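So the chains spell out like this:
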Amino acid sequence: MLLNRKGNKHRRPSKAVRVATLAGVAGAAVAVPLMGATNASAASVATWDAVAQCESGGNWSINTGNGYYGGLQFSQSSWAAAGGTQYAPRADLATKAQQIATAEKLLDMQGPGAWSCAGAGNLTNDGVDPGVDTGSGAAKQEAAPKKAERTEAPATNRSDRSDAPKKSAKKTVTTPTGKKVAKGDGEYKVVAGDTLSKIAADRHVKGGWAQLFKLNKDIVEDADLIYPGQQLHLTK
């Protein structure tokens, strides 16, 4: 997580920050050219991913309530100091790209020592521009829960209402003669050439064909007549 002492100061302020501090208000302008001229304070997306993996397990939206936010675990003061509030109030509410862009500025300001996981992520001022697009995704916003809107169902005639569920049409299969018989909903589907005896033997039905007939008497009217497509229960 970001190392923070008093206010926005970190463990290792960069040379440019030290110059501004020593020069006072009149010399503060010197710090801007120093930071912009070298273009050295930059790190690749892969490097920031490695730092985030150590800092937050790679969760760019994390907020555990410990005072550090987002994938790179910005403190609120560091997030504001590096300009992150232009994207979102806190780091965890910003996109990954916006967090990396802010981290680049903080790296410019304070160097790799601003992150305790700099070593684990091999974070250095390697000069590699991450090339992130801070406008590629909208920052998340914290919003108060919406008040439930009251809606009323349109009026209906009493004759249109029914408290009882409608009974679904009974499924059937068509026999070779064109007759329709009940299909059933068992786990075994009858195929051509099947008989109750054969199914009972192949499926090891305890009680044989008689038990199979008993289990399916709601769809099998004659033990000698079953039809392809019917679905038989093999157990209770």
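Just above sits the structure.
Residues numbered from 1 in each chain as written. Predicted model: local features only at pLDDT ≥ 70, side-chain atom pairs only at ≥ 80, totals over all residues. Heavy atoms only, no water.

**Things to note about the overall build of the chain**
Stage number 1. Counting its regular elements, the chain contains seven helices and six strands.
Stage number 2. When the helices and strands of the chain are read in sequence order from the N terminus, they spell out α-α-α-β-β-α-α-β-β-β-α-α-β.
Stage number 3. Restricting to contacts in the chain with at least 6 residues of sequence separation, those with at least 24 account for 60%.
Stage number 4. Carbon and sulfur atoms form 53% of the exposed surface of the chain, whose accessible area is close to 14900 Å². (Helix = DSSP H or I, 4+ residues; strand = E, 2+ residues; numbered from the N terminus. Contact = heavy atoms within 4.5 Å. Areas by Shrake-Rupley, 256 points an atom, 1.4 Å probe, with all protein chains shown as cover.)

**A few points about helix H5 (residues 96–110)**
Stage number 1. With 15 residues, H5 extends 20 Å between its outermost C-alpha atoms, agreeing within 8% with the 21 Å of an ideal straight helix rising 1.5 Å per residue.
Stage number 2. In terms of burial, H5 is a largely internal element, 11 of the 15 residues being buried.
Stage number 3. Residues of H5 that are buried: Ala97, Gln98, Gln99, Ile100, Ala101, Thr102, Ala103, Glu104, Leu106, Leu107 and Gln110.
Stage number 4. Close packing links the buried residues of H5 with helix H3 (45–56), strand E2 (74–75) and helix H4 (76–81). (Expected span 1.5 Å × (residues − 1). Buried < 20%, exposed > 50% of the residue type's maximum accessible area, 1.4 Å probe, protein only.)

**Focus on unusual backbone geometry**
Stage number 1. Positioned with a positive phi, Gln73 is a non-glycine residue whose angle comes to about 50 degrees.
Stage number 2. With respect to the helices and strands, Gln73 occurs in the loop between strand E1 (68–69) and E2.

**A word on the pattern of salt bridges**
Stage number 1. Across all of its chains, the model carries four salt bridges by this definition.
Stage number 2. For Asp194, the salt bridge goes to Lys198, with nearest N and O atoms at 3.9 Å.
Stage number 3. Asp194 gets classed as buried once you look at its relative accessible area, which sits at 10%.
Stage number 4. By relative accessible area, Lys198 is classed as partly exposed at 40%.
Stage number 5. Between Asp202 and Lys198 there is a salt bridge, with the nearest N and O atoms lying 3.1 Å from each other. (Salt bridge = Lys/Arg side-chain N within 4 Å of Asp/Glu carboxyl O.)

**Some points on the state of the cysteines**
As used here, a disulfide is simply a covalent bond connecting the sulfur atoms of two cysteines.
Stage number 1. In this structure the tally under the stated criterion is one disulfide.
Stage number 2. In this model, Cys54 is linked to Cys117 through a disulfide, with the two sulfur atoms separated by 2.0 Å. The disulfide joining Cys54 to Cys117 has a torsion of about -60 degrees about its S-S bond and is therefore left-handed. Taken as a pair, Cys54 in helix H3 and Cys117 in the loop between H5 and strand E3 (172–174) lie far apart in primary sequence, 63 residues in all.
Stage number 3. For Cys54, a relative accessible area of 36% puts it in the partly exposed group. (Disulfide = S-S within 2.5 Å.)

**Some remarks on the environment of His204**
Stage number 1. Tracing the backbone through its elements, the reader meets His204 in the loop between helix H6 (196–202) and helix H7 (208–215).
Stage number 2. In this structure His204 comes out as exposed when scored by relative accessible area, which is 71%.
Stage number 3. For the pair His204 and Leu234, spaced 30 residues apart in sequence, the C-alpha separation works out to 9.0 Å.

**Some points on the nonpolar core**
Stage number 1. In terms of nonpolar packing, the biggest core is built from 25 residues, with Trp48, Leu72, Phe74, Trp115 and Leu123 touching the most fellow members.
Stage number 2. At the level of elements, H3 and H5 are the ones that each hand at least two residues to this core.
Stage number 3. Here this core gets five residues from one element, more than from any other, and that element is H5. (Core = buried A, V, L, I, M, F, W, Y, C linked by side-chain atoms within 4.5 Å.)

**Considerations on the environment of Leu232**
Stage number 1. Assignment of secondary structure puts Leu232 in strand E6 (residues 231–232).
Stage number 2. Leu232 sits in the buried class, given a relative accessible area of 0%.
Stage number 3. Each C-alpha atom, one on Leu232 and one on Val220, is 8.9 Å from the other, the two residues being 12 residues apart in sequence.
Stage number 4. Among residues more than four places away in sequence, those in contact with Leu232 are Gly186, Glu187, Tyr188, Val190, Leu196, Ile199, Asn216, Ile219 and Val220.

**Observations concerning the packing of aromatic side chains**
Stage number 1. Per the counting criterion, the structure on display carries two aromatic pairs.
Stage number 2. Pairing Trp48 with Trp115 gives two aromatic rings, centres 5.1 Å apart and planes at 65 degrees, and the pair type is edge-to-face. Within this pair, whereas Trp48 is found in helix H3, its partner Trp115 is found in the loop between H5 and E3, the two being separated by 67 residues in sequence.
Stage number 3. Residue class for Trp115 comes out buried when judged on its relative accessible area of 1%.
Stage number 4. Centre to centre, the rings of Phe74 and Trp79 are 5.0 Å apart; their planes meet at 70 degrees, and the pair counts as edge-to-face. Grouping residues by exposure puts Phe74 and Trp79 together as buried. (Phe/Tyr/Trp six-rings, centres within 6.5 Å; stacked < 30°, edge-to-face > 60°.)

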